[in-house]
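# A look at the structure
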Amino acid sequence: MRKQIAAANWKMNCTLEQANELIDGLLKEKISVTHDREVVLAVPFPYLMLAKEKIKNTGGFKIAAQNCYTKTSGAFTGEVSATMLQSIGLDYVIIGHSERREIFGETNAMLAQKVDVCLAAGLAPIFCCGEPLSIREKETQNNFVEIQLKESLFHLKPEQIKNFVIAYEPIWAIGTGKTATSAQAQDMQAFIRRTIANKYGDAIADSISILYGGSVKANNATEIFGKPDVDGGLVGGASLVLAEFVSIIKSLK
Ligand code: PGA
């Protein structure tokens, strides 16, 4: 059975004090995270080691970085490599979040390189895909997402893609309070799984957790996560509110 995952994407939020409070608060809840589930905290770079240290005795909790660079080391002032992230014991890196694509100009080709450096370092990418509103309005979202997958992932070998996490995040639903309906999430996520199955076979497609992201809240998580191809969520705004995120974790199937 593939993993059900509640992943918090803090984005560029929280001071050190707030980060401490949020993680301590979460751990105090003593939520039982069974072996087929995971809670992932994608915190800003300065708090990664702190977060890692705090969760070290708590089963089912993992820490993710929100980005990494396409190269492993060198004269790239201000960048962080997958090798560095691996050396501090991380498990995951978010790759290709729509904010990286839209604000920082990351292309499908660049994301293919990021995926490669993550895998070479032994980190699992949480690969984000999803269409903007203009594409959804034209009803060409499947084609758009298929190209994102093909151009960034389909050079991989089957054993490399097996432990991936994919997050479908329609851009029009991120931070807008406008969630995709659970049916829209299910339709796209089933399409993503079929696209992977066509290339890599059913067994691999079935092993990949596909998360939904875009205005997931405590009051819609159960409905969205209840769909067969939705294996949890990548949660932005609501992951910064302790009670909301706790409730979202408890909504995993
Ligand atoms: P949101 O963000 O939950 O605030 O919409 C989701 C994301 O961008 O990962």
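In this text the structure is predicted, and so the values were computed from the model without any measurement. (Residues numbered from 1 in each chain as written. Predicted model: local features only at pLDDT ≥ 70, side-chain atom pairs only at ≥ 80, totals over all residues. Heavy atoms only, no water.)

## Re the overall build of the protein
A count of helical and extended segments in the protein gives twelve helices and eight strands. Over its C-alpha atoms the protein spans a radius of gyration of 17 Å, differing by no more than 12% from the 18 Å that the globule rule assigns to 253 residues. Dimensions along the principal axes, computed over C-alpha positions, put the protein at roughly 45 × 45 × 35 Å. Within the protein, counting contacts between residues at least 6 apart in sequence, those at least 24 apart form 72% of the total. Entry remark: accessible area of the protein is about 11,200 Å², with carbon and sulfur atoms responsible for 53%. In the protein, the 27 positive side-chain charges and the 27 negative ones have mean positions that sit 3 Å from each other. (Helix = DSSP H or I, 4+ residues; strand = E, 2+ residues; numbered from the N terminus. Rg over C-alpha atoms; globule rule 2.2 N^0.38 Å. Contact = heavy atoms within 4.5 Å. Areas by Shrake-Rupley, 256 points an atom, 1.4 Å probe, with all protein chains shown as cover. Lys, Arg positive; Asp, Glu negative; His and termini not counted. Charge placed at Lys NZ, Arg CZ, Asp CG, Glu CD.)

## As for the packing of helix α5 (residues 108–121) against helix α7 (residues 141–153)
One can describe the packing of α5 onto α7 by two numbers: an axis separation of 7 Å at closest approach and a directional angle of 50°. Considering their axes alone, α5 and α7 lie oblique with respect to each other. In this structure, α5 crosses over α7, and the sense of that crossing is right-handed. In contact with Asn 108, Leu 111, Ala 112 and Val 115 of α5, α7 contributes Ile 147, Gln 148, Glu 151, Ser 152 and Leu 153. Tallied by class, residues from the contact of α5 with α7 come to five nonpolar, three polar and one charged. (Axes fitted to C-alpha atoms, helices over the stretch in contact; angles between N-to-C directions. Parallel < 35°, antiparallel > 145°, perpendicular 65-115°, else oblique. Left-handed = near helix turned anticlockwise from the far one by under 90°. Nonpolar A, V, L, I, M, F, W, Y, C, P; charged D, E, K, R; others polar.)

## Regarding the side chain of Ser 209
Within the element layout of this structure, Ser 209 appears in strand β7 (residues 209–213). From its side chain, Ser 209 meets the backbone oxygen of Lys 3 in a polar contact 2.7 Å long. Discounting residues that sit within four places of it in the chain, Ser 209 has contacts with Arg 2, Lys 3, Ile 5, Phe 164, Val 165, Ile 166 and Asp 231. (Polar contact = N/O pair within 3.5 Å; in protein donor to acceptor, adjacent residues only side chain to side chain.)

## A closer look at the pairing of strand β3 (residues 61–65)
In terms of burial, β3 is largely enclosed, as four of its five residues are buried. Relative to β3, strand β2 (residues 37–42) runs parallel, the two sharing four bridges. The residue bridging Leu 41 from the neighbouring strand is Ile 63, located in β3. Crossover connection from β2 via helix α2 (residues 48–55) to parallel β3: handedness right-handed. Two strands pair when backbone bridges link them, and β3 and strand β4 (residues 92–95) are joined in this way by two bridges, in the parallel orientation. The residue bridging Ala 64 from the neighbouring strand is Tyr 92, located in β4. Read from β3 through helix α3 (residues 82–87) to β4, the crossover connection turns out right-handed. (Buried < 20%, exposed > 50% of the residue type's maximum accessible area, 1.4 Å probe, protein only. Pairing = 2+ DSSP bridges. Right-handed = clockwise from strand over helix to strand, strands pointing away.)

## As for the site of the ligand
Residues in close proximity to the ligand total 13 residues, the closest being Lys 11, His 97, Glu 169, Gly 175 and Ser 215. Interatomic distance of 3.4 Å between a side-chain N/O atom of Asn 9 and an oxygen atom of the ligand. Separating an oxygen atom of the ligand from a side-chain N or O atom of Glu 169 is a distance of 2.7 Å. Burial of the ligand by the protein amounts to 97% of the accessible area it has alone, namely 280 Å². (Near = heavy atom within 4 Å.)

## Focus: the layout of surface pockets
Taken as a whole, the largest pocket holds about 500 Å³ of empty space. Along its surface, the largest pocket is lined by 20 residues, and Lys 11, Met 12, Gln 66, Arg 100 and Phe 104 are the ones closest to its centre. It is helix α4 (residues 98–104) that contributes the most residues to the lining of the largest pocket, four residues altogether. Taken together, the residues that form the lining of the largest pocket break down as eleven nonpolar, five polar and four charged. (1 Å grid on protein atoms, 1.4 Å probe; cavity = no way out; pocket = protein on both sides within 12 Å on 5 of 7 lines; lining within 4 Å. Points joined across faces, edges and corners; volume = space filled by probe spheres on them.)

## What to know about the environment of Thr 34
For Thr 34, the location among the structural elements is in the loop between α1 (16–28) and β2. Along the backbone, Thr 34 and Ala 221 are 187 residues apart, and their C-alpha atoms lie at a distance of 18 Å. One polar contact links Thr 34 to Asp 36, side chain to side chain, over a distance of 2.9 Å.

## Some words on the packing of α1 against helix α12 (residues 242–250)
Closest axis-to-axis distance for the α1/α12 pair is 10 Å, and the angle between their directions is 40°. For the element pair α1 / α12, the angle class is oblique. Once α1 is placed against α12, the crossing between them reads as right-handed. Residues Leu 22, Gly 25 and Leu 26 of α1 touch α12, and the partners they reach there are Leu 242, Phe 245, Val 246 and Ile 249. Residue composition of the contact of α1 with α12, grouped by class: six nonpolar, one polar and no charged.

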